[in-house]
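# Working through the structure, step by step
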Amino acid sequence: MNKPKIVVLGAGYAGLMTTKKLTQNLLPEEAEIVLVNKHNYHYETTWLHEVAAGTINPNQARYMLSDVVNPNRVRLIYDTVVEVKKDDQTVVLENSDITYDYLVIALGFETNTFGIKGMAENAFSIVDIDSSRLIRDHIEYQFAKYNNEEEKDEDSLTILVGGAGFTGIEFVGELAEKVPELCKKYDIDRSKVRIINVEAMPSILPMFDKDLVEYAKKSLEDRGVEFRLGAKIQECKEDCFVVGEDNEEIKAGTIVWTGGVTGSSVLSKSGFEITKGKVTVNGDLRAPGEENIFVLGDCAWVMNEKEGRPFPPTAQAAMQHASVCANNIKALMHNQPFENFVFDDKGTVASLGVTDGIGTVFSGTKLRGKPAATMKKVVDNRSLLLMGGTRTLLKKGKYRPF
Ligand code: FAD
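The rules behind these values
Residues numbered from 1 in each chain as written. Predicted model: local features only at pLDDT ≥ 70, side-chain atom pairs only at ≥ 80, totals over all residues. UniProt positions renumbered as here; feature names shortened; annotations may be inferred. Helix = DSSP H or I, 4+ residues; strand = E, 2+ residues; numbered from the N terminus. Rg over C-alpha atoms; globule rule 2.2 N^0.38 Å. Axes fitted to C-alpha atoms, helices over the stretch in contact; angles between N-to-C directions. Left-handed = near helix turned anticlockwise from the far one by under 90°. Contact = placed C-beta atoms within 7 Å. Nonpolar A, V, L, I, M, F, W, Y, C, P; charged D, E, K, R; others polar. Core = buried A, V, L, I, M, F, W, Y, C linked by C-beta atoms within 7 Å. Buried ≥ 20, exposed ≤ 12 C-beta atoms within 10 Å, placed from the backbone. Near = placed C-beta within 6 Å. Domains from an automatic or database assignment. Pairing = 2+ DSSP bridges. Expected span 1.5 Å × (residues − 1). Bend = angle between axes of the 7 residues up to and from the residue.

Under an unreviewed UniProt entry, the name given to the chain is NADH dehydrogenase, and the organism recorded is Virgibacillus alimentarius. Taken verbatim from the UniProt record of the chain, the Sequence similarities (unreviewed entry) comment is "Belongs to the NADH dehydrogenase family." Here the chain is described in UniProt, under the heading Cofactor (unreviewed entry), as follows: "FAD".

Turning our attention to the overall build of the chain. In terms of regular secondary structure, the chain is built from ten helices and 27 strands. Rg of the C-alpha trace for the chain: 22 Å, near the compact-globule value of 21 Å for 402 residues, within the 12% margin. Along the first, second and third principal axes, the C-alpha set of the chain runs to 75 × 45 × 40 Å.

What follows deals with the environment of Lys 145. Looking at the element boundaries, Lys 145 is found in helix H5 (residues 129-146). Spatially, the C-alpha atom of Lys 145 lies 9.1 Å from that of Tyr 186, the residues being 41 residues apart in sequence.

This brings us to the packing of helix H1 (residues 13-25) against helix H9 (residues 315-333). The contact between H1 and H9 brings their axes to 8 Å, and the two run at 35°. Relative to H9, H1 is oriented so that their crossing is right-handed. Across the interface between the two elements, Tyr 13, Ala 14, Met 17, Thr 18, Lys 21, Leu 22 and Asn 25 of H1 pack against Ala 315, Ala 318, Met 319, His 321, Ala 322, Ser 323, Cys 325, Ala 326, Asn 327, Ile 329 and Lys 330 of H9. Split into classes, the residues belonging to the contact of H1 with H9 amount to eleven nonpolar, five polar and two charged.

The next point concerns the UniProt feature "domain: FAD/NAD(P)-binding" (unreviewed entry) in the chain. Feature annotation in UniProt places "domain: FAD/NAD(P)-binding" (unreviewed entry) on residues 5-322, given in this structure's numbering. The distance separating the terminal C-alpha atoms of residues 5-322 is 17 Å; by composition the span is 28% helix and 28% strand.

Our focus in this paragraph is the nonpolar core. Core analysis: the largest hydrophobic core is formed by 60 residues, its most contacted members being Leu 160, Val 172, Ala 216 and Ile 358. If you look at the next biggest cluster of nonpolar residues, it comprises 54 residues, including Ala 11, Tyr 100, Val 279 and Met 387.

Among the 34 residues in the neighbourhood of the ligand, the closest are listed as Gly 10, Gly 12, Gly 108, Gly 297 and Thr 314. Breaking the shell around the ligand down by element, the ones donating at least two residues are H1, strand S2 (32-37), helix H2 (48-53), helix H6 (166-185) and H9. Here the residues of the shell around the ligand are counted per class, giving 15 nonpolar, 15 polar and four charged. Built from parts of two domains, the shell around the ligand gets at least three residues from each of domain 1 (5-38 + 79-111 + 262-337) and domain 2 (119-258).

The two faces of the sheet receive side chains in turn, since in a regular strand these alternate between them. Judged from the four bridges that link them, strand S16 (residues 240-243) and strand S17 (residues 248-251) form a sheet pairing that is antiparallel. Counterpart to Cys 240 in the pairing with S17 is Lys 251.

In this model H6 runs 29 Å from its N-terminal to its C-terminal C-alpha over 20 residues, within 8% of the 28 Å that 1.5 Å per residue would give. Of all the bends found along H6, the most pronounced is centred on Lys 178 and spans about 30°, while Pro 180, a proline, follows it within four residues. Counting buried residues along H6, 15 of its 20 residues qualify, which places the element largely inside the surrounding structure. In the stretch just after H6, Asp 187 is the one whose phi turns positive, near 55°.

What follows concerns unusual backbone geometry. What you tend to see is this: most non-glycine residues have negative phi, and most peptide bonds are trans. In the Ramachandran plot, Phe 114 falls in the positive-phi region, its phi being about 50° despite a non-glycine side chain. Within the secondary structure, Phe 114 is located in the loop between strand S10 (109-111) and helix H4 (119-122). Take Phe 114: there are 11 C-beta atoms within 10 Å of it, and that puts it in the exposed class. With a phi angle near 40°, Leu 205 is a residue other than glycine that sits in the positive phi range. Of note, Leu 205 is situated in the loop between strand S13 (194-199) and helix H7 (210-222).

All right, on to the domain arrangement of the chain then. Interface size is often expressed as the accessible area that is lost when the parts come together. According to the domain assignment, the chain contains domain 1 (5-38 + 79-111 + 262-337) and domain 2 (119-258). For domain 1 versus domain 2, the distance between C-alpha centres works out to 35 Å.

Time to look at the sheet that holds strand S1 (residues 5-9). The strand order across the open sheet formed by five strands is S5-S2-S1-S9-S21, and the pairing between neighbours is parallel. A single partner strand is all that each edge strand has here, and the edge strands are strand S5 (74-78) and strand S21 (293-295). Strand-to-strand twist in this sheet, taken as the mean axis angle between neighbours without regard to direction, amounts to 15°. Where S1 and strand S9 (residues 102-105) come together, four bridges link them in parallel fashion. The residue of S9 that forms the bridge with Val 7 is Leu 103.

For H7, which comprises 13 residues, the first-to-last C-alpha distance of 18 Å matches the rise-based estimate of 18 Å (1.5 Å per residue) to within 8%. Every buried residue of H7 is listed here: Leu 212, Tyr 215, Ala 216, Lys 217 and Leu 220. Looking at the packing, one finds that the buried side of H7 touches H6, strand S14 (225-229), strand S26 (357-361) and strand S27 (365-368). Among the residues trailing H7, Gly 224 stands out with phi positive, at a value near 95°.

Quick look at the sheet that holds strand S12 (residues 158-162) now. Read across the open sheet, the five strands follow the order S11-S18-S12-S13-S14; overall the sheet is parallel. Looking at strand neighbours, the two that pair on one side only are strand S11 (124-125) and S14, the edges of this open sheet. Pairing of S13 with S14 involves five bridges; the strand directions are parallel. Paired with Ile 196 across the two strands is Glu 226, which belongs to S14.

Listed below in structure tokens is the structure:
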């Protein structure tokens, strides 16, 4: 008899962890497991702002899937998912099709520009290794170019970042660290370089308490980051943001949009019912009305019934989805009762560069400065260990003392 086929789409936090859990939960003869991913590597999405700023090497933030997945248990397919044909139980890939008995959709996020004119065309986004490496190289090119020009464009050294949420603030924190190094390397006076963060809301990092937010803002300002808060971006042109009622132009040589993300567009293309780009899943993480399709990570809205709103999309939640999903696939195969997802919030830590950060951990303990930066490295290394195992942790872990 043919074994049932479980197909996992996406090898990020949710997809790779689900795959690993399935190999633990099920015997080889119980199911065939297939993992489909665009690249032959997994990357740590939560480290991409460091890749984009150039404070870590892109290779530190990724590792080969074949090194961490047992090839005797899992078939790896490196291809791009185009669409899920639910009626045919088939996934259309760029280069082939694959059928499934059970499907896990964990394709992560895409940039959301909220229709701001010119943003998609003119701003960079931090989405994956390729897009982050491009930002790093573009910034470095602006520095390399500067002293070669007879008529200097003083705005070319300005880095403009749209959005003061988690990604935007962690990114400017890394830039504050990297810019002095680039100035030294390319013989440029630090005063010529501007890092400007533009945000429509009156404050940064809305997920943290006011005292931590004030600490973060002051720390970044002390290291040369300028904030334009309450400034709505009307348009993004090739060389500037157009901001506010009076259409002020803020010019720059590098423009990065970090102001919004949404679930993979494969979801809407495949006919799932979508709210703000994501599928509102049942408590067991299945898509509504679908017997055999689970949607995880940044593709899913998982409702916090107590608070009447979805849990925030985080790597922490994505990895927890994976355990519940793998257990529920086993339950489905064995006609057993399902588990409902309950988020175990271990806290949130944001980095503000290599040696600084803020965080709330262990049900309310607040951290700032080096203790927060240390905790961030513990969190990052823990994720490496859980996803990639001991060898990956030893090879790629963050151990640099400060
Ligand atoms: P991902 O980890 O993004 O994985 C999606 C996978 O699917 C990728 O491997 C991708 O290549 C693949 N894929 C996508 N489309 C296709 C396709 N069409 N075909 C084939 N493969 C495809 N969360 C935290 O908890 N803590 C943090 O400190 C934190 N910091 C962050 C910093 C940054 C810069 C960013 C961008 C996010 C941060 N987050 C953080 C959020 C966190 O990274 C996401 O919530 C998490 O990555 C979601 O996991 P996922 O498995 O759904 O998606």
